[in-house]
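The primary structure of each chain is shown beneath.
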Amino acid sequence: VNFLSPAKLSTVLPDVAPHFLSAVERWISTRGPVDLSLESTSLTFKVIMTVLFGKNFASQHAAQLHSMFHEFTKGLFSLHLYVPGTTFYAAFCARRRIEKIVEMAIAAQRAARANNY
């Protein structure tokens with residue numbers, strides 16, 4: 001599926017727009033500097049979850065997934081040493097945990113759709 005096609009974007013933008021609006025409102029109301037690294041990671045996570053699972057995605061694992069996603073993104077720009085204790089190793093482990101949770105969520109969605117048909 002091409003997530004950047006005009007047809008897909010036209011269906012996703014109404015669901016994603018509130019995330020951008022709330023982020024910008026939060027940044028405007030913040031007195032002092034805004035940690036753009038953390039904020040962009042948080043916004044990216046919300047957009048990805050909305051695109052993949054819909055606007056009503058309310059997983060019991062959402063907070064845990066967000067934490068793992070942040071850990072994963074930190075490791076993307078670290079020295080790629082697959083050694084326990086390094087940022088890259090932690091990111092790799094977080095990626096595996098994310099994959100398991102997302103696979104379970106996809107399986108649950110497929111099962112729900114199969115039951116509705």
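Look above for the structure.
Cut-offs and rules
Residues numbered from 1 in each chain as written. Predicted model: local features only at pLDDT ≥ 70, side-chain atom pairs only at ≥ 80, totals over all residues. Heavy atoms only, no water. Axes fitted to C-alpha atoms, helices over the stretch in contact; angles between N-to-C directions. Helix = DSSP H or I, 4+ residues; strand = E, 2+ residues; numbered from the N terminus. Parallel < 35°, antiparallel > 145°, perpendicular 65-115°, else oblique. Left-handed = near helix turned anticlockwise from the far one by under 90°. Contact = heavy atoms within 4.5 Å. Nonpolar A, V, L, I, M, F, W, Y, C, P; charged D, E, K, R; others polar. Expected span 1.5 Å × (residues − 1). Bend = angle between axes of the 7 residues up to and from the residue. Buried < 20%, exposed > 50% of the residue type's maximum accessible area, 1.4 Å probe, protein only. Phe/Tyr/Trp six-rings, centres within 6.5 Å; stacked < 30°, edge-to-face > 60°. Core = buried A, V, L, I, M, F, W, Y, C linked by side-chain atoms within 4.5 Å. Salt bridge = Lys/Arg side-chain N within 4 Å of Asp/Glu carboxyl O.

> What should I look at first to understand the packing of helix 2 (residues 36-53) against helix 3 (residues 62-76) in this one?
Two packed helices can be described by the angle between their axes and the distance between those axes. Close contact between helix 2 and helix 3 brings their axes to 10 Å; oriented N to C, the two are set at 125°. By the angle between their axes, helix 2 is oblique relative to helix 3. By crossing handedness, the relation of helix 2 to helix 3 is classed as right-handed. On helix 3, the residues touching L38, T41, S42, T44, F45, I48 and M49 of helix 2 are A62, L65, H66, F69, H70 and T73. The residue makeup of the contact of helix 2 with helix 3, split by class, is seven nonpolar, six polar and no charged.

> Which parts of the structure should I look at to understand helix 1 (residues 6-29)?
Given 3.6 residues per helical turn, the α-helix brings residues three or four places apart onto the same face. Between its first and last C-alpha atoms helix 1 spans 33 Å; for 24 residues at 1.5 Å apiece the expected length is 34 Å, and the two agree. Where helix 1 bends most, at L13, the angle is about 50°, and the proline P14 comes one to four residues later. Along helix 1, the positions that sit buried rather than exposed are V12, V16 and A23.

> How should the packing of aromatic side chains be read in this particular structure?
Between two aromatic rings, the relevant description is the distance of the centres plus the angle of the planes. Within the structure shown, the criterion is met by three aromatic pairs. Relative to Y89, the ring of Y82 has its centre 5.0 Å away and its plane inclined at 50°; by these criteria the two rings are tilted. A network of ring pairs unites the aromatic residues Y82, Y89 and F92 as a single cluster.

> Would you mind going over the nonpolar core with me for this structure?
Proteins that are soluble and globular tend to have nonpolar side chains buried together. Judged by nonpolar contacts, F45, M49, F53, L65, M68, F69, A94, I98, I101, V102 and A105 together constitute the single largest core of eleven residues. At the level of secondary structure, the elements contributing two or more residues to this core comprise helix 2, helix 3 and helix 4 (87-116). If one sorts the elements of this core by residue count, helix 4 sits on top with five residues. Of all hydrophobic cores here, the second largest spans five residues; its members include V12, V16, A23 and V47.

> Help me understand the pattern of salt bridges, please; the structure alone is not making it clear to me.
Oppositely charged side chains can pair when the atoms bearing their charge come close. Tallied over the entire structure, the rule returns three salt bridges. In this structure, E39 and R26 form a salt bridge, with 2.8 Å as the shortest nitrogen-oxygen distance. Within this pair, whereas E39 is found in helix 2, its partner R26 is found in helix 1, the two being separated by 13 residues in sequence. For R26, a relative accessible area of 33% translates into the label partly exposed. We note a salt bridge from R95 to E99, for which the minimum N-O separation is 3.1 Å. Of this pair, R95 and E99 are both found in helix 4, four residues apart, which corresponds to roughly one turn of the helix.

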